[in-house]
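# Reading the structure
Read off the chains here:
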Amino acid sequence: QVQVVESGGGLVQAGGSLRLSCAASGRTFMIRAMGWFRQAPGKDREFVARVIWTNGRTDNSDSTEGRFNVFRDPVKNTMYLQMNSLKPEDTAIYYCAVDMAGTGAEYDYWGQGTQVTVSS
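Here the residue numbers are simple positions, counted from 1 along each chain's written sequence. Residue-level local features of this predicted model are given only where pLDDT is at least 70; pairs of side-chain atoms are given and counted only at 80 or more, and the full residue set underlies all totals for whole chains, interfaces and linings. Remark: hydrogens and water are excluded; side-chain values derive from all non-hydrogen atoms of the structure.

## Section: unusual backbone geometry
Positive phi, normally seen in glycine, also occurs at Asn77, with a value near 55°. Numbering of helices and strands runs from the N terminus; a helix is a DSSP stretch of H or I covering at least four residues, while a strand is a stretch of E covering at least two. By the element assignment, Asn77 lies in the loop between strand S7 (68-73) and strand S8 (78-83). Residue Asn77 is classed as partly exposed on the basis of its relative accessible area of 22%. Residues other than glycine seldom take positive phi values, yet Ser85 does so here, at roughly 50°. Following the sequence through the fold, Ser85 ends up in the loop between S8 and strand S9 (92-99). Residue exposure (1.4 Å probe, protein chains only): buried if accessible area is under 20% of the type maximum, exposed if over 50%, otherwise partly exposed. The class for Ser85 is partly exposed, based on a relative accessible area of 40%.

And the structure:
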């Protein structure tokens with residue numbers, strides 16, 4: 001079992017920056033990858049970015065490429081999402097998820113989410 005808790009959300013102005021954190025606990029030694037997802041009101045949950053735990057390789061959605069950076073700190077069992085040049089369309093609840101197998105096909109554990117609101 002793995003538990004994850006997101007934090008760092010808030011209200012920012014367009015063009016600003018924000019850093020989200022996702023702290024994992026439990027059987028963290030088995031984690032192969034973690035990812036960020038977001039869900040805006042009235043829309044489906046969408047993929048944002050992910051990181052392979054062992055080598056730090058990352059992948060971003062097209063809408064966040066070049067603006068969002070995902071990275072991890074294995075010592076702290078924490079994944080981060082550095083969000084820069086924020087846009088109003090980035091407004092959503094951001095979720096942290098654990099991909100135990102590291103394939104990207106399935107995410108096994110999810111956090112409760114943290115709200116990010118970007119004003120115009």
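Moving on, there is more to tell.
## Description of the state of the cysteines
Here a disulfide denotes a covalent bond joining the sulfur atom of one cysteine to the sulfur atom of another. Any cysteine sulfur atom paired with another within 2.5 Å is treated as part of a disulfide. Across all of its chains, the model carries 1 disulfide by this definition. There is a disulfide in this structure between Cys22 and Cys96, and the S-S distance comes to 1.7 Å. On the S-S bond that ties Cys22 to Cys96, the torsion sits near -65°, and the link is left-handed. Here Cys96 lies in strand S9 and Cys22 lies in strand S3 (residues 18-26), a separation of 74 residues in the sequence. Residue Cys22 shares its accessibility class with Cys96, and that shared class is buried.

## So, the sheet that holds S3
With respect to topology, 4 strands assemble into an open sheet ordered S1-S3-S8-S7, the strand pairing being antiparallel. Where the open sheet ends on each side, the last strands, each with one partner, are strand S1 (2-7) and S7. Within the sheet, the average angular offset between the axes of one strand and its neighbour, ignoring direction, is 15°. Direction of pairing for S1 relative to S3: antiparallel, over a ladder of 6 bridges. The partner of Ser7 across the bridge, within S3, is Ser21. Here, strands pair whenever DSSP counts at least two bridges between them. To define axes, lines are fitted to C-alpha atoms, for helices over the stretch in contact only, and angles between the resulting N-to-C directions are given on a 0 to 180 degree scale.

## Some thoughts on the pairing of S3
Relative to S8, S3 runs antiparallel, the two being bridged by 6 bridges. Note on S8: the bridge partner recorded for Ser21 is Tyr80.

## Regarding the packing of aromatic side chains
Think of it this way: a Phe, Tyr or Trp ring, Trp meaning its six-membered ring, pairs with another when their centres are within 6.5 Å, and the plane angle makes it stacked under 30 degrees, edge-to-face over 60, tilted otherwise. Following the criterion strictly, the structure yields 5 aromatic pairs and no others. On the basis of an interplanar angle of 80° and a centroid distance of 4.8 Å, the ring pair of Phe37 and Tyr107 is categorised as edge-to-face. One end of the pair, Phe37, is in strand S4 (residues 33-39); the other, Tyr107, is in the loop between S9 and strand S10 (109-110), and 70 residues separate them in sequence. Within the aromatic cluster, the residues linked to one another by ring pairs are Phe37, Phe47, Tyr107 and Trp110. In our convention, an over-ring charge means Lys NZ or Arg CZ found within 6 Å of a ring centre and within 35 degrees of that ring's normal. Taking the ring centre of Tyr95 as reference, the NZ or CZ of Arg45 above it sits at 4.4 Å. The ring of Trp110 has Arg45 lying over it, and the distance from NZ or CZ to the ring centre is 4.3 Å.

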